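# Summary of structural features
Residue strings, one per chain:
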Amino acid sequence: MRAVSAPMDAAKSLLFLLSVLEVCAAVNLCCYWPCQNKGVCVNVGLEGYECDCTHTGYHGVNCTVPYFWTRVYTVLKPSPAFVHYLLTHYKWMWDIINKISFLRDNLMRLVLTVRSNLIPSPPTYNSDYNYLTWEGYSNVTYFTRLLPPVPKDCPTPAGTKGYKTRPNATKLAEEFLLRRSFIPDPQGTNLMFAFFAQHFTHQFFRTNFDRGPGFTKALGHGVDLSHVYGESLERQHHLRLFKDGKLKFQVVNGEVYPPSVKDSSVRMKYPKTVPAERQLAVGHELFGLIPGLLMYATLWLREHNRVCDILKEEHPTWSDEQLFQTTRLILIGETIKIVIEDYVQHLSGYHFSMQFNPELLFKEQFQYRNRIAVEFNHLYHWHPLMPDTFRVKDHDYNYADFLFNPSILLDEGVDTLLESFTVQSAGRIGGGRNINKHVLSVAINVIEHERQLRLQPLNEYRKWFGLVPYKSFQELTGETEIAARLEELYGDIDAMEFFPGLLLETPYKDGIFGESIVEMGAPFSLKGLLGNPICSPFYWKPSTFGGQTGFDIVKSATLQKLVCLNTKGCPQVAFHVSSNIGSESKEGRESPKSEF
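So, here's what we can say about the structure. Quick caveat: nothing in here was measured; it's all calculated off a predicted structure.

## Quick look at the nonpolar core
Judged by nonpolar contacts, the single largest core of 149 residues is most densely connected at Tyr 343 and Trp 382. With 5 residues, the next largest nonpolar core counts Cys 51, Cys 53, Tyr 58 and Cys 63 among its residues.

Set out below in structure tokens:
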């Protein structure tokens, strides 16, 4: 009997061993995210993996053993939380530093290099490959990816953590993101900021949904003002006057506005309820949606034609084409300066004064090429900014009356909208439960697209940006009720999704959002802004902008100046709620050299 049973036991053992090996082989070990400190996981054989630790400063099986100088750097490097606290406190110290150009320049250079170096350049992944490919680098119809997609053969959508099925996107948004009551931003952010954010970012956040959420229509991948001039040459030509470099316009109530659709033959998306003569034509086909976007489109149209007049006076022999092209470069420069020194300055809450000075990077290793990442696109869905109603003068518009209503702009005028949007508070972005029901569908779509694109969990992105991964849902949210529900739905903090996690993260004290959006958004933003060609040594000089006069227009640009030079009353504006509305500002009131 023993002679018979021994082979049978051996056969059973062999079958068991083969079944174990089969299970192990079926699990992609890279789904466990074993490689730390930006190490790259590579499958080896049927059941193995290797971590490529090259250029990480670490070695070992999982890239966890630091080299000597990495250890020294890690010990000396202050935490992001400490740096943020330092920059948002001790105003007296920053007032001194801001006045000492040597200190300010070197600190600004440090901010730019440290932030920008977190973004791979050249780009690495796209949504179709979780390994490096030439396609990922060269095919600009894709958004790039900071981290590769979660492998399709992983046990769970987050790799190995959490449940195999994620909570329904609609129910998730309704429970955790839908507004109960309006929560104003404690930093005082206003609707001027909210509409600027939409207007500015939609030149490069243009998902090509016909191809899928991993693709973009914005092939320029940066600040090119395609939302002003159109994303194609054909659209641009329909918007141009072809005289003195100018854009087409119409005069309504004595003021300049974008031309009508019928007078420009530009395709816009308006409902049939909007009268034909009130359908304004601008660079982006969807900007007729919101009067706040048309307001900014009108300001930039006026600024373009104003600058054309200045260049025409200085260069009477220039062709229409040269006037147009040079003016576009000037407006790109103005936009970047306003974004850094007004927009990012407000958003950061820093006492340190940000400055736009491309020359600070001329001696650094810096690549002047940018690719928009899908993670940046998702991170920037800041719809909690939107209020419950829009107050213009003494009238509150609900969403039904406000959207697709260019008559508000044409009847009330740019000055009135500027004043109204400056004094109305925008909502807080972080902390959850602050998206108005009329725009909640956008958040639901982002969650669904994120899952389709197989974005890695929030904690994997925190690791990439040098942040400590969250250990619990309570640590993420800063409270217990929401944390407990998230625990029920996800099962593990390492399974928390990227976009919902960003919006549910507890905000900084008196801040508009939390640590993750600050530390992830700033590198994408600054790399994209300073990676623009006009910031390179070959472009950043007077001749690029038609001479010193054009160069000075770029270097002196501010939000207030943009408004003052292109409105009648020069209302006081800012990206924070102001009580000074109605007073006349003298900033920017030099002779504008414009026919307007």
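## Some points on the pairing of strand S2 (residues 48-52)
Pairing between strand S1 (residues 40-44) and S2: 5 bridges, direction antiparallel. The partner of Asn 43 across the bridge, within S2, is Tyr 49. Linking S1 to S2, which pair antiparallel, is a turn of 3 residues; within it Gly 45 sits at a positive phi near 65°.

## What about the packing of aromatic side chains?
By the definition in use, this model includes 39 aromatic pairs. Look at Trp 540 and Phe 545: their rings are 5.9 Å apart centre to centre, the planes differ by 75°, and that puts the pair in the edge-to-face class. This pair shows no difference in class: Trp 540 is buried, exactly as Phe 545 is. The cationic tip of Arg 462 hangs over the ring face of Tyr 470; the distance from NZ or CZ to the ring centre is 4.0 Å. Above the face of the Phe 366 ring, Lys 527 is positioned so that its terminal group lies 5.2 Å from the ring centre.

## Considering empty space enclosed by the protein
Using the criterion set out here, one finds 3 cavities of 30 Å³ or more in the structure. Only helix H13 (320-348) and helix H23 (515-530) provide two or more residues apiece to the lining of the largest cavity. Counting residues per element, the lining of the largest cavity draws most heavily on H23, which supplies 5 residues. Split into classes, the residues belonging to the lining of the largest cavity amount to 15 nonpolar, 7 polar and 4 charged.

## Digging into helix H12 (residues 291-314)
A rise of 1.5 Å per residue sets the reference length of H12, with its 24 residues, at 34 Å; its end C-alpha atoms lie 35 Å apart and thus fit the reference within 8%. For H12, the buried fraction is high: 21 of the 24 residues fall into the buried class.

## Points about the pattern of salt bridges
Here the structure, examined in full by the defined rule, presents 26 salt bridges. The salt bridge partner of Arg 485 is Glu 175, with a shortest N-O separation of 2.6 Å. Linking Arg 485 in helix H21 (residues 481-490) with Glu 175 in helix H7 (residues 169-176), this pair joins segments that are 310 residues apart in sequence. Asp 411 serves as the salt-bridge partner of Arg 278, at 2.8 Å between the closest nitrogen and oxygen. Here the residue Arg 278 occupies a position in the loop between helix H11 (261-264) and H12, and Asp 411 occupies one in helix H16 (residues 407-412), the gap between them amounting to 133 residues. One connected set of salt bridges, linked through shared partners, spans Arg 166, Arg 451 and Glu 497.

## A look at the layout of surface pockets
The computed volume of the second largest pocket comes to approximately 1,100 Å³. Forming the walls of the second largest pocket are 38 residues, and the residues nearest its centre are His 202, Leu 286, His 381, His 383 and Val 442. Per-element accounting of the lining of the second largest pocket gives the leading share, 5 residues, to helix H18 (residues 440-453). Among the residues making up the lining of the second largest pocket, the classes are represented as 19 nonpolar, 14 polar and 5 charged.

Rules used throughout
Residues numbered from 1 in each chain as written. Predicted model: local features only at pLDDT ≥ 70, side-chain atom pairs only at ≥ 80, totals over all residues. Heavy atoms only, no water. Core = buried A, V, L, I, M, F, W, Y, C linked by side-chain atoms within 4.5 Å. Buried < 20%, exposed > 50% of the residue type's maximum accessible area, 1.4 Å probe, protein only. Pairing = 2+ DSSP bridges. Helix = DSSP H or I, 4+ residues; strand = E, 2+ residues; numbered from the N terminus. Phe/Tyr/Trp six-rings, centres within 6.5 Å; stacked < 30°, edge-to-face > 60°. Lys NZ or Arg CZ within 6 Å of the ring centre and 35° of its normal. 1 Å grid on protein atoms, 1.4 Å probe; cavity = no way out; pocket = protein on both sides within 12 Å on 5 of 7 lines; lining within 4 Å. Points joined across faces, edges and corners; volume = space filled by probe spheres on them. Nonpolar A, V, L, I, M, F, W, Y, C, P; charged D, E, K, R; others polar. Expected span 1.5 Å × (residues − 1). Salt bridge = Lys/Arg side-chain N within 4 Å of Asp/Glu carboxyl O.

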